[in-house]
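Notes for the structure review
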Amino acid sequence: MIYEGKAITVKEIEGGIAQLNFDLQGESVNKFNRLTIEELGAATDAIKAQNNLKGLVVTSSKDSFIVGADITEFTDLFAGPEEDLVANNLKANEVFNAVEDLPFPTVTAINGIALGGGFEMCLATDYRVMAPKAKVGLPEVKLGIFPGFGGTVRLSRLVGVDNAVEWICGGTENRADAALKIGAVDAVVEADKLVEAAVAIIDQCNEGKLDNQARREEKKGKIKLNAMESMMAFEISKAFVGGKAGKNYPAPVEAIKTMQKHASMTRDKAIEVEAKGFAKMAKTNVAACLVGLFLNDQALKKKASAWEKEASDVKLAAVLGAGIMGGGVAYQSALKGTPILMKDIAQEGIDLGLKEAKGLLTKRVSKGKMKADKMADVLNSITPTLNYGDFKNVDLVVEAVVENPKVKDIVLRETEDQVREDAILTSNTSTISINLLAKNLKRPENFCGMHFFNPVHMMPLVEVIRGEKTSDRAIATTVAYAKAMGKTPIVVNDCPGFLVNRVLFPYFGGFAGLVRDGADFQKVDKVMEKFGWPMGPAYLLDVVGMDTAKHANEVMAEGFPDRMKDENKSSIDVMFENNRYGQKNDFGFYKYELDRKGKKKKVVDEETYKLIEPVVQGQKDFDEEEIIARMMIPLCLETVRCLEDGIVEAPADADMGLIFGIGFPPFRGGALRYIDDMGVDKFVELADKYADLGPLYHPTEKLREMAKTGKKFFG
Ligand SMILES: NC(=O)c1ccc[n+]([C@@H]2O[C@H](COP(=O)([O-])OP(=O)(O)OC[C@H]3O[C@@H](n4cnc5c(N)ncnc54)[C@H](O)[C@@H]3O)[C@@H](O)[C@H]2O)c1
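Naming follows an unreviewed UniProt entry, where the chain appears as enoyl-CoA hydratase of Marinobacter nitratireducens. For the record of the chain, the UniProt heading Catalytic activity (unreviewed entry) holds the text "a (3S)-3-hydroxyacyl-CoA + NAD(+) = a 3-oxoacyl-CoA + NADH + H(+)". Under Pathway (unreviewed entry), UniProt gives the following word-for-word description of the chain: "Lipid metabolism; fatty acid beta-oxidation."

Considerations on the overall build of the chain
The helix and strand inventory of the chain stands at 31 helices and 20 strands. What you see for the chain is a C-alpha radius of gyration of 29 Å, in line with the 27 Å of a compact globule of 715 residues. Out of the 715 residues belonging to the chain, those deemed buried represent 56%. Contacts in the chain between residues far apart in sequence, at least 24 positions, make up 72% of those at least 6 positions apart. Summed over all atoms, the accessible surface of the chain reaches about 31100 Å², with 51% contributed by carbon and sulfur. Of the charged side chains in the chain, 93 are positive and 104 negative, and the gap between their average positions amounts to 2 Å.

A closer look at helix 8 (residues 194-206)
The end-to-end C-alpha distance of helix 8 is 19 Å, a good match for the 18 Å that 13 residues give at a rise of 1.5 Å each. Every buried residue belonging to helix 8 is among Leu194, Ala197, Ala198, Val199, Ile201, Ile202 and Cys205, and all of these are buried. Contact partners of the buried residues in helix 8: strand 2 (8-14), strand 3 (17-22), strand 4 (55-60), strand 5 (106-110), strand 7 (127-130) and helix 9 (212-220). One or two positions beyond helix 8, positive phi appears at Gly208, with a value near 85°.

Examining the sheet that holds strand 15 (residues 424-427)
Ordered by their spatial adjacency, eight strands build an open sheet running 13-12-11-14-15-16-17-18, and the pairing between neighbours is mixed. Edge positions in the open sheet fall to strand 13 (382-385) and strand 18 (488-493), since each of these has one partner strand only. When strand polarity is set aside, the average angle formed by the axes of neighbouring strands in this sheet is 25°. Judged from the four bridges that link them, strand 12 (residues 340-343) and strand 13 form a sheet pairing that is parallel.

Notes on the packing of helix 6 (residues 161-170) against helix 10 (residues 227-245)
Interhelical geometry of helix 6 versus helix 10 gives an angle of 25° and a closest axis separation of 10 Å. One finds that helix 6 runs roughly parallel with respect to helix 10. The element helix 6 and its partner helix 10 pack so that their crossing is right-handed. The segment helix 6 lies against helix 10, with Val161, Asp162, Val165 and Cys169 engaging Ala233, Phe234, Ser237 and Val241.

A word on the domain arrangement of the chain
Domain annotation for the chain reports domain 1 (3-283), domain 2 (314-494) and domain 3 (500-709). Measuring from the centre of the C-alpha atoms in domain 1 to the corresponding centre in domain 2 gives 45 Å.

So, the site of the ligand
Surveying the vicinity of the ligand reveals 20 residues, the closest of which are Met325, Asp344, Glu403, Lys408 and Ser430. A distance of 2.6 Å separates an oxygen atom of the ligand from a polar atom in the side chain of Asp344. In the environment of the ligand, an oxygen atom lies 2.4 Å from a nitrogen or oxygen atom belonging to the side chain of Glu403. When the ligand is considered free in solution it has 840 Å² of accessible area, and contact with the protein chains removes 78% of it. Listed by contribution, the elements that provide at least two residues to the shell around the ligand are helix 14 (324-335), helix 17 (405-418) and strand 16 (447-452). Considering only residue class, the shell around the ligand consists of eight nonpolar, eight polar and four charged.

Quick notes on unusual backbone geometry
The linkage connecting Asn454 with the following residue, Pro455, adopts the cis geometry, with an omega of -5°. When you line up the elements, Pro455 lands in the loop between strand 16 and strand 17 (461-466). A positive phi angle, close to 55°, is found at Asn579, a residue other than glycine. On the basis of relative accessibility, which here comes to 47%, the residue Asn579 falls in the partly exposed class. In this model, Asp586 sits at a positive phi of 70°, which is unusual for a non-glycine residue. In this structure Asp586 comes out as partly exposed when scored by relative accessible area, which is 26%.

Description of the nonpolar core
Counting 105 residues, the largest nonpolar core has Met528, Phe589, Met632 and Leu635 as its most contacted members. The dominant element in this core, judged by the number of residues it contributes, is helix 27 (residues 624-644), at 12 residues. Counting only domains with at least three residues in this core, you end up with domain 2 (314-494) and domain 3 (500-709). Setting aside residues no more than four positions away along its own chain, Met528 makes contact with Tyr507, Trp533, Gly536, Pro537, Ile627, Ile628, Met631 and Met632. Within the second largest apolar cluster, 91 residues are counted, among which are Phe22, Phe96, Val129 and Ala134.

Structural notes on the pattern of salt bridges
Counted by the stated rule, this structure contains 45 salt bridges. With a closest N to O distance of 2.5 Å, Asp417 and Lys442 form a salt bridge. Of this pair, Asp417 sits in helix 17 while Lys442 sits in the loop between helix 18 (434-438) and strand 16, and the two are 25 residues apart along the sequence. On the accessibility criterion, Asp417 (47% relative accessible area) is partly exposed. Salt-bridge contacts for Glu554 lead to Lys550; the nearest nitrogen and oxygen are separated by 3.5 Å. Taken together, the positions of Glu554 and Lys550, both in helix 23 (residues 546-559) and four residues apart, correspond to about one turn of that helix. Overlapping salt bridges, with partners in common, bring together Glu100, Asp101, Arg154, Lys219, Lys220, Arg267 and Asp268 in one network.

Focus on the UniProt feature "domain: 3-hydroxyacyl-CoA dehydrogenase NAD binding" (unreviewed entry) in the chain
Within the UniProt annotation, "domain: 3-hydroxyacyl-CoA dehydrogenase NAD binding" (unreviewed entry) is assigned to residues 317-495. The distance separating the terminal C-alpha atoms of residues 317-495 is 26 Å; by composition the span is 41% helix and 21% strand.

Rules used in this analysis
Residues numbered from 1 in each chain as written. Predicted model: local features only at pLDDT ≥ 70, side-chain atom pairs only at ≥ 80, totals over all residues. Heavy atoms only, no water. UniProt positions renumbered as here; feature names shortened; annotations may be inferred. Helix = DSSP H or I, 4+ residues; strand = E, 2+ residues; numbered from the N terminus. Rg over C-alpha atoms; globule rule 2.2 N^0.38 Å. Buried < 20%, exposed > 50% of the residue type's maximum accessible area, 1.4 Å probe, protein only. Contact = heavy atoms within 4.5 Å. Areas by Shrake-Rupley, 256 points an atom, 1.4 Å probe, with all protein chains shown as cover. Lys, Arg positive; Asp, Glu negative; His and termini not counted. Charge placed at Lys NZ, Arg CZ, Asp CG, Glu CD. Expected span 1.5 Å × (residues − 1). Pairing = 2+ DSSP bridges. Axes fitted to C-alpha atoms, helices over the stretch in contact; angles between N-to-C directions. Parallel < 35°, antiparallel > 145°, perpendicular 65-115°, else oblique. Left-handed = near helix turned anticlockwise from the far one by under 90°. Domains from an automatic or database assignment. Near = heavy atom within 4 Å. Polar contact = N/O pair within 3.5 Å; in protein donor to acceptor, adjacent residues only side chain to side chain. Nonpolar A, V, L, I, M, F, W, Y, C, P; charged D, E, K, R; others polar. Core = buried A, V, L, I, M, F, W, Y, C linked by side-chain atoms within 4.5 Å. Salt bridge = Lys/Arg side-chain N within 4 Å of Asp/Glu carboxyl O.

This is the structure we're talking about:
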C-alpha cells in the first residue's frame with residue numbers, strides 16, 4: 001500500500017503502475033470535501049516519493065466516480081473574505097497541479113458520474129477513459145459560480161473554446177459519446193474493462209507509441225487561437241450566452257470573461273485568473289441563494305425519503321375525473337411506471353383524457369425521447385373506465401372531479417365503499433378544505449390532499465395536505481407515490497389555499513391594488529419579469545384563468561377575511577364579468593392570437609384599459625422599486641404566516657414550494673430567503689412604509705421580534 005486514507009487509497013496494481021482509488025468512507029458517493037482534497041495532496045506526495053512507478057490509474061469504487069464538490073461546505077466557505085476564497089482555490093489547485101505534473105503517464109477511469117470537481121480531477125490526468133453509462137460535466141453555473149479547480153483552464157485547452165463555453169456555461173451533464181466526440185475523453189469502454197484500457201494507454205505511452213508529454217503541455221499551455229480568432233470566439237459567445245442567461249445569472253458570462261483573460265497565459269498564471277473570477281462569483285448573492293436552494297432541495301429529498309420508508313406499496317392507482325388534471329395524472333403515473341385506472345362519468349371525459357395522454361406521448365416519440373413500442377406500453381397501462389369494476393385492486397386514488405364540495409363529497413364516499421379498507425384516498429382539490437372533505441368519510445385516517453399543478457407533466461410540485469385525522473401512513477404513501485411519479489412532494493397542513501395558493505393570492509392582491517392606484521398592468525408585468533418571475537402577474541392570471549382565480553380568491557377571502565376580503569371591485573373581477581377568462585378563451589388582461597408556428601401568443605388589447613377604467617382610482621406612475629415592494633410584501637408576509645401557523649414545517653419547505661409551485665425566481669432562493677437577504681429589520685421597515693394599504697402589508701408580531709433580535713430564517 002502506497003497510501004491509505006479515509007477517502008483515498010493508493011496501491012501498486014501491476015508492473016509499476018499505481019492505482020489511486022476514491023472511496024469516501026461512510027458515504028454513498030465520492031465528493032470533494034476538504035478531507036478528500038487534503039488526502040489527494042498527501043496521496044500525490046506519497047506517489048512522488050516512490051521511485052519505481054511508471055504510471056497512474058485513477059479510479060473510484062463507488063457507482064459514481066466523483067459527484068462534485070461538497071456543497072454543504074460552500075455556505076461557510078463563501079461567507080469568508082474574497083481573498084481567502086482566492087487563497088483557498090489556489091491551495092486546492094496546487095494539489096491538482098501536482099497530479100498533472102507526476103513524472104509518468106496518468107489516466108482516469110471514469111466509471112460513473114464525474115461532475116464539477118469530480119470532472120476537474122479527470123481533467124488533471126493526461127488521458128481519460130469513460131464507461132458508456134457515465135456522465136461528465138461542469139455544472140457549477142447552476143450554483144451561481146463556475147469551475148474553480150482548473151476546469152476553465154484545462155477544458156478550454158483540451159476541447160477548444162467553443163466546446164468549453166458550451167459545457168461550462170450550459171452546465172450540462174454530457175454522455176460518453178458526446179464527450180468522446182469533442183475530445184473531452186479519449187476512449188469509451190465497458191465499465192469492467194476501464195482499468196485494463198487505462199493500463200494499455202500507459203503502456204503505449206511508455207513504449208513511445210503515445211506522447212503523453214505533448215498532451216500535457218497542450219493542456220498547460222496557452223489557448224491556440226490568434227488574436228482575431230480569440231476575439232471572435234469570446235465576444236460572440238459572451239453576447240449569446242449573456243442573452244440566454246439574463247442579467248440575473250452572471251456566472252456564465254463571467255466564466256467566458258475568465259477564459260478570455262487567461263487564454264494567453266500558461267497554466268499557473270491562468271489558474272490565478274480563474275481563482276479570482278471564481279471568488280468574485282462565490283461572493284454574489286445569486287451564488288448564496290442558489291447554494292441555499294440546492295441545500296433546501298437536499299433537505300426536502302431527505303424528508304421525502306424518510307416518509308418513503310413508512311409508505312405502503314402503490315402497485316395500482318386510480319384517478320377519478322379524466323379532465324385536464326385527471327388526464328395529466330393518468331399520463332404521468334403511467335409514464336413513470338405505476339398503472340392507473342382512469343374513471344369518469346362521461347365517455348367524452350375519457351376520450352379527452354386519453355387524447356391528452358396520447359398527444360403528450362406522441363410528442364415524446366417525435367422528439368426521440370421515447371420509442372414507439374414504449375408508447376404503446378404506457379398507453380396500455382392507463383385503463384379507462386366508467387365504473388368501479390377494478391377498484392378493489394387499487395392502492396391509492398386521486399380524486400380530480402369538478403371543484404365542487406358537494407360533488408366531491410359524494411364521489412369520495414362512493415369510492416370509499418368500492419376500495420379496500422387499506423387503500424389511500426386523496427383529493428386534488430385546489431381550494432376545498434381537506435378536513436371538510438374528510439368529514440363524511442368512514443376512514444378519514446386514509447385520506448389526504450394530493451395537489452398537483454397544471455400542467456401536471458411539467459410542474460414539479462405536489463402539495464401533500466394533511467388533515468386533522470390523516471394518518472402518517474396515508475401521508476407516507478402519498479409522498480412515495482408523488483416521488484414515483486417524478487414529482488417533488490411537500491407535506492403541508494390543511495388551511496385555505498394550502499401553501500402555494502395561500503401565498504399566491506395575496507400577491508394577486510398586491511397586483512389588484514397597484515392597478516387600482518393607477519399602475520399600468522403591462523408595466524407591472526415587465527418589472528416583475530425583470531425581477532425574475534417567469535411571467536408577470538397579469539399574464540399569470542391569464543394562464544391560471546380568471547374564473548379559477550376569482551373562485552379561489554373568494555375561498556381565500558372567506559378563510560382570511562381580515563386581510564384578503566376586499567369589498568371593492570378589482571380589475572380581476574372586471575375581467576371575469578366580461579368573460580375575459582384568460583388564455584382559455586383567448587381574452588384576459590391580454591388577448592391571445594396564434595403566431596406563425598401556430599402557438600398562442602399574447603398581444604396587447606386596448607380594450608382592457610377601457611374595461612378597467614371604472615376601477616382605476618389613482619393616476620400614479622409607479623417606479624420599479626415601489627412596484628416590487630407592493631407585489632412582494634404581501635407574498636412574503638403570507639409565507640411568514642404559513643410558517644408561523646405550522647402550515648409548513650420549515651423555511652426550506654416554504655421556499656421550495658414557491659420555487660417549484662409558482663416559479664418564484666430561483667436565484668432569489670424563495671420568499672423567506674428574500675426577507676433574510678434584505679434583512680428582517682429592513683423588510684419590516686419597508687412593510688411599515690406601506691401599512692396604509694391594509695393588513696396584507698402588516699408584519700406579524702413574531703417577525704417584528706425577529707427584526708429586533710436580529711434573527712433570520714436561515715442560518
Ligand atoms: N385546472 C387546474 O389548473 C387545476 C390545478 C390544480 C388542481 N385542480 C383541481 O383538479 C380538479 C379537477 O380539475 P380539472 O381542471 O381537471 O377539471 P375538468 O373540468 O377538466 O375535469 C373534471 C372531470 O371530472 C369528471 N367528473 C365529474 N364528476 C365525476 C364523477 N362523479 N366521477 C368521475 N368523474 C367525474 C368530468 O366529466 C370531467 O371530465 C378540481 O378539483 C380542480 O380544482 C385544477
